[in-house]
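Okay, here's what each chain looks like letter by letter:
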Amino acid sequence: QQTLKERLAELIPAEIENVKAVRAEHGKKSFGPVLVDQLYGGMRGLPALIWDGSVLDPDEGIRFRGKTIPEIQDLLPKAPGGSEPLPEGLFWLLVTGEVPTQAQVEALSKDWAARAAIPEFVEELLDRCPPTLHPMSQFSLAVTALNHDSTFAKAYQQGVSKKEYWGPAFEDCMDLIAKLPNIAGRIYRNVYGQGKVPAIDPTKDYSWNMANLLGFAEKNDFVELLRLYITIHSDHEGGNVSAHAGKLVGSALSDPFLAFAASLNGLAGPLHGLANQEVLLWLRKMQSKIGENATDEAVKEYVWSTLKNGQVVPGYGHAVLRKTDPRYSAQREFALKHLPNDPLFKLVAQVFNIVPGILLEAGKAKNPWPNVDAHSGVLLTHYGLDQMNFYTVLFGVSRAFGVAAQLIWDRALGARMSSPWSRSYLTLIYHVRSS
Ligand code: FCX
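Definitions and cut-offs
- Residues numbered from 1 in each chain as written.
- Predicted model: local features only at pLDDT ≥ 70, side-chain atom pairs only at ≥ 80, totals over all residues.
- Helix = DSSP H or I, 4+ residues; strand = E, 2+ residues; numbered from the N terminus.
- Buried ≥ 20, exposed ≤ 12 C-beta atoms within 10 Å, placed from the backbone.
- Contact = placed C-beta atoms within 7 Å.
- Core = buried A, V, L, I, M, F, W, Y, C linked by C-beta atoms within 7 Å.
- Pairing = 2+ DSSP bridges.
- Expected span 1.5 Å × (residues − 1).
- Axes fitted to C-alpha atoms, helices over the stretch in contact; angles between N-to-C directions.
- Parallel < 35°, antiparallel > 145°, perpendicular 65-115°, else oblique.
- Left-handed = near helix turned anticlockwise from the far one by under 90°.
- Nonpolar A, V, L, I, M, F, W, Y, C, P; charged D, E, K, R; others polar.

Draft legend 1. How the structure looks around the overall build of the chain. Scanning the chain for helices and strands turns up 20 helices and two strands. Once the C-alpha set of the chain is aligned to its principal axes, its extents read approximately 65 × 65 × 45 Å. In the chain, which comprises 435 residues, the proportion classed as buried is 46%. Taking contacts inside the chain between residues at least 6 apart in sequence as the whole, the part at least 24 apart equals 75%.

If you want it as structure tokens, here you go:
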């Protein structure tokens, strides 16, 4: 049976030719104008990056290699007795564009389990972090430190040819994904005093091991939740801060560990991945202010007070999406199936009925609908993982899948160092006035 690396080696030459051909024939054509508003507006809507794993449609949401979330839930291999897709399969799909077999996915689980150990000095580094250091900062430190054993950095120092970059980059990306559960598990146990980190079980899948490292593997529904969670958080096209940062830093031929640490630092921002922590904090504050089982009127008043205080409603709005995030819907489906009577889920559903109307009435947000972060925390809390400042770490474990897949292809296709042109205000004014 073919390994992922062998399949990739077959796919790369044709893809190199495709890119060459498209650049030769269309290289001087425009792919859209650049508006002055986009320069000041966070580059919204500016098509400026190649990202192959996924594409985000404002109305329909994410497609992974052309497939929607319900499609991948249906098509990708599952664990024995499970009904959620295994993230191993999603990674295969992101890298190759092909749906893997059950045996290929099982081989990936084994491969990652075999690569999962982290160096002792990284364990010590984490053990020395004060529990008051945010879990995302600890996560980023540890991932940066993995660069110590980077196959790519070593190969580069030894003068590897450009044509061979993708091989060592692939090895680093596999190591990166494989080692994240041990890092995340250690942070969780250190920060929240949850005892010794258990060993990886090489007979189990990635998500089971992640759940076990956190101490929740005996709850089968939690393991299923993690399989879904990692799958849907893996990739969201290339323009979001974490994906973009990883690609940008990787383009300097910083190895995948350094590149992904940059992704994590971006994900740690409250407008991006940290929003899943913020949502839970916001819901808990709401409960302490207006009590549980509050009326719609009381919830409305609380939402308005958030806006009047100059704060955003966390978990709502999106830079690209203009409808309810299908990642939100997938998690809502999971909640309806597994925890329909959970009081916090009921509050999340009540908020879902109220917030969009208020954001529309307030008239600022271009998208009043919920995003992925509005729902993830309530699911984790239900199973007892209620340490909200850990939530973004799980988002980070998942995001590695999408960033890694693109880093491999960027090295395979010889992506050049990213270097867009920046202009000063005065240059801009001169240009627009004289054109
Ligand atoms: N609550 C209140 N105001 C909001 C809002 C919200 N949920 N969403 C957008 N707005 C405001 C913006 O702050 C902006 O105000 P300004 O004109 O005073 O600067 C205005 O509406 C227009 O913003 P808009 O174009 O709709 O949104 P942006 O593309 O600028 O920003 C984010 C998108 C996601 C940053 C924004 O909607 C937000 O802050 N949401 C809350 C935080 C959040 O949930 N982030 C997670 C997003 C995502 F899923 C992820 O990356 O993980």
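Draft legend 2. A look at the environment of His244. Structurally, His244 can be placed in helix H12 (residues 241-250). Once residues within four sequence positions are removed from consideration, His244 is found in contact with Leu49, Gly238 and Gly239.

Draft legend 3. Just the nonpolar core, in detail. Among the nonpolar cores identified, the biggest contains 118 residues, and Ile177, Ala184, Ala404 and Ile408 are the most heavily contacted of them. Sequence-distant contacts of Ala184, that is, excluding residues within four places in its chain, are made with Phe139, Leu213, Val393, Leu394 and Val397.

Draft legend 4. Quick look at unusual backbone geometry. Of note in this structure, Met43 is not a glycine but carries a positive phi near 60°. With respect to the secondary-structure elements, Met43 resides in the loop between helix H2 (36-40) and strand S1 (54-57). Overall, the presence of 16 C-beta atoms within 10 Å leaves Met43 in the partly exposed class. At Asn293, a residue that is not glycine, the phi angle is positive and equals roughly 55°. Here Asn293 shows up in the loop between helix H14 (275-290) and helix H15 (296-308).

Draft legend 5. Broad picture of the pairing of strand S2 (residues 61-64). Summarising the sheet, S1 and S2 pair through four bridges and their orientation is antiparallel. Looking at the pairing, Val55 lines up with Arg63 of S2. Linking two consecutive strands that pair antiparallel, namely S1 and S2, is a turn of three residues.

Draft legend 6. Spatial organisation of the environment of Ile187. In this fold, Ile187 is placed in helix H9 (residues 166-192). Residue class for Ile187 comes out buried when judged on the 26 C-beta atoms lying within 10 Å of it. Separated by 48 residues in the primary sequence, Ile187 and Phe139 have C-alpha atoms spaced 7.5 Å apart. Apart from the residues within four sequence positions on either side, Ile187 is in contact with Leu126, Pro135, Gln138, Phe139 and Val393.

Draft legend 7. Spatial organisation of helix H16 (residues 326-338). Taking 1.5 Å of rise per residue, 13 residues should cover 18 Å, and H16 covers 18 Å from first to last C-alpha, within 8% of that figure. Buried residues of H16: Arg327, Tyr328, Ala330, Gln331, Arg332, Phe334 and Ala335, and no others. Where the residues of H16 are buried, they touch S2, helix H3 (69-75), helix H11 (220-233), helix H17 (343-362) and helix H18 (373-382).

Draft legend 8. Representation of the packing of H9 against helix H10 (residues 206-214) in the model. Following both chains from N to C, one finds H9 and H10 inclined at 20°, their axes separated by 8 Å at the closest point. In terms of axis orientation, H9 runs roughly parallel to H10. Handedness of the crossing formed by H9 with H10: right-handed. Residues Pro181, Asn182, Ala184, Gly185 and Tyr188 of H9 pack against Tyr206, Asn209, Met210, Leu213 and Leu214 of H10. Looking at the contact of H9 with H10 residue by residue, the class counts come to seven nonpolar, three polar and no charged.

Draft legend 9. A look at H9. Spanning 27 residues, H9 covers 39 Å between terminal C-alpha atoms, matching the ideal 39 Å at 1.5 Å per step. Among the 27 residues of H9, 23 are classified as buried, and the element is accordingly described as predominantly covered. Remark: Gly193 follows H9 within two positions and exhibits a positive phi of approximately 60°.

Draft legend 10. Region of the structure containing the environment of Gly159. Counting through the fold element by element, Gly159 comes out in the loop between helix H8 (151-157) and H9. Between the alpha carbons of Gly159 and Leu321 there is a distance of 43 Å; along the sequence they are 162 residues apart.

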